[in-house]
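# What the coordinates show
Listed below are the residues making up each chain.
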Amino acid sequence: MAGPLSGVTVLEVATLFAGPLAGTLLADFGADVVKIEHPTGDPVRTHGPQRDGVGLWWKMLGRNKKSATLYLGAPAGQEIFRRMVAEADVVVENFRPGTLERWGLGYPELRAINPGLILTRVTGFGQIGPYAHRPGFGTLAEAMSGFAAMTGEPDGPPTLPPFGLADGITGLATAFAIMAALRAREHTGLGQQIDMAIIEPILTLLGPQLIAYDQLGQLATRTGNRSTNNAPRNTYRTADGGWVAVSTSAQSVAERVMRLVGTPEFIDEPWFATGTGRAAHAEELDTAVGTWIARHDTAAVLAAFDVAEAAVAPVYNAADILADPHFRALGTIAEVPDDELGLIRMQNILFRLSETPGAIRWAGPPLGAHTAEVLGAHGVDAAQLDRLRTAGVVR
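Our subject in this report is the structure included herewith. Every value quoted in this text rests on a predicted model; they were computed, and no experiment measured them.

Analysis parameters
Residues numbered from 1 in each chain as written. Predicted model: local features only at pLDDT ≥ 70, side-chain atom pairs only at ≥ 80, totals over all residues. Heavy atoms only, no water. Phe/Tyr/Trp six-rings, centres within 6.5 Å; stacked < 30°, edge-to-face > 60°. Buried < 20%, exposed > 50% of the residue type's maximum accessible area, 1.4 Å probe, protein only. Lys NZ or Arg CZ within 6 Å of the ring centre and 35° of its normal. 1 Å grid on protein atoms, 1.4 Å probe; cavity = no way out; pocket = protein on both sides within 12 Å on 5 of 7 lines; lining within 4 Å. Points joined across faces, edges and corners; volume = space filled by probe spheres on them. Helix = DSSP H or I, 4+ residues; strand = E, 2+ residues; numbered from the N terminus. Core = buried A, V, L, I, M, F, W, Y, C linked by side-chain atoms within 4.5 Å. Contact = heavy atoms within 4.5 Å. Lys, Arg positive; Asp, Glu negative; His and termini not counted. Salt bridge = Lys/Arg side-chain N within 4 Å of Asp/Glu carboxyl O. Polar contact = N/O pair within 3.5 Å; in protein donor to acceptor, adjacent residues only side chain to side chain.

### Remarks on the packing of aromatic side chains
Here a ring pair, both rings aromatic, is described through the centre-centre distance and the interplanar angle of the planes. Using the criterion set out here, one finds seven aromatic pairs in the structure. Ring centres 5.1 Å apart and planes at 80 degrees place the aromatic pair Phe 95 and Trp 103 in the edge-to-face group. Note on Phe 95: relative accessible area 23%, which makes it partly exposed. Here Arg 45 stacks its cationic end above the ring of Trp 58, 4.0 Å away from the centre of that ring. One Lys or Arg, Arg 134, reaches over the ring of Tyr 131 and ends 3.9 Å from the middle of that ring.

### Topic: the layout of surface pockets
A volume near 1,300 Å³ is recorded for the largest pocket. Around the largest pocket, the lining is made up of 38 residues, and of these Met 60, Arg 63, Met 346, Gln 347 and Asn 348 lie nearest the centre. Elements supplying a minimum of two residues to the lining of the largest pocket: α1 (18-28), α2 (56-61), α7 (165-188), α14 (318-323) and β13 (342-347).

### A word on the nonpolar core
By size, the foremost hydrophobic cluster in this structure holds 37 residues, and its most contacted members are Val 10, Ala 31, Val 90, Val 92, Ile 178, Ile 202 and Val 336. Counting only elements with at least two residues in this core, the list comes to α1, β6 (90-93), β7 (118-123), α7, β8 (193-197), β12 (333-338) and β13. Here this core gets seven residues from one element, more than from any other, and that element is α7. Non-local contacts of Ile 202, meaning those with residues more than four positions away in its chain, are made with Ala 141, Glu 142, Ser 145, Phe 147, Leu 165, Ala 166 and Ile 169. Grouped together as the second largest cluster of nonpolar side chains are 28 residues, Leu 11, Ala 88, Val 91 and Leu 385 included.

### Considerations on unusual backbone geometry
At the junction of Ala 231 and Pro 232, the peptide bond is cis and its omega measures out at -5 degrees in the coordinates. In this structure, Pro 232 sits in the loop between α9 (209-216) and β9 (234-237). Of note in the backbone geometry, Leu 16 takes a positive phi value of approximately 60 degrees without being a glycine. Relative to the helices and strands, Leu 16 is located in the loop between β1 (9-13) and α1. Positive phi is not limited to glycine here, since Asp 52 has a value of about 55 degrees. For Asp 52, a relative accessible area of 70% puts it in the exposed group.

### Details of the side chain of Asp 324
Its location among the elements puts Asp 324 in the loop between α14 and α15 (325-330). The buried charged residue Asp 324 lacks any salt bridge, with Arg 328 as its nearest oppositely charged partner at 7.3 Å. Engagement of the side chain of Asp 324 in a polar contact is seen with the side chain of Tyr 316, the distance being 2.4 Å.

Put into structure tokens, the structure is as follows:
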């Protein structure tokens, strides 16, 4: 079944995470995404874990994409790219500002070739401003957004996430921006330029920190696993060495937890009636909940919370996720056959559409697997392809 984005052609000349993730999300729902790589390949191919020299991160991030190599810094590569742009809907790039312009591939030039083109530019700091020229990665966004300042234990240092959080958020935001631009084009017939700075989307997910400072002069502080908005909210060790997470964002759930752990008297305290009031007494509430949980095995804790209709979840690692029956029922994990690695399991598409579902059709392909096919569709014959290989323009 063709996905809802079938017929949309995306040229992805972005590397590593944010821009390529946007391409992955579009490809999952049927867009024809051509990954145009430098002849040496996207660095993500060698980033992170590998099996037999094959990058596993690439297998996920490169799924449903065609891989073609083309060096855009060479005039021959630029000429071929212009031909490709003439028939594309979207270009996703993450070069430093000014790089495409230096190659004669800036937005005015590309728009002259294809007025309907959507040029999506994903950089650390955006196309304008005093920091635009700086190299940017998600780590810098996690620091500058306030995330690191509010993450970690109260007496510990600012803490960065052990994964590409800002890149991932930006990938989602970029896919949304592209969909908005495609929708606008249906009305105007014209494309546009998208300026996406990795330092910005994460700000939205961090909630009211900016408006709280603007209106109240409050700065967010590090609270570990606790929340300033409600309690009990933490991770707790079970009798068999497991961990569970408890959340009580709703007042009714907080009351159920207190009854379950044998301390219903807290419910009658005036401060218990609000989330912030409970947060001010987190130490007492954590002690009550943690003491009860420490006396029971993980399975017993989960079962008791389930009966009490109180919110709890086990703290999982990857092995636990793959074994969980609910993830299995949802189809959260996909099994994908792959010519290089055999059957591999990875995260499935983000959501389920009842009438036009997406799908993983193939995992990330070998470098340049589709170069002849893609370039051939734009007038590059076998003889010219050989000359380009000799010149180092393609692989």
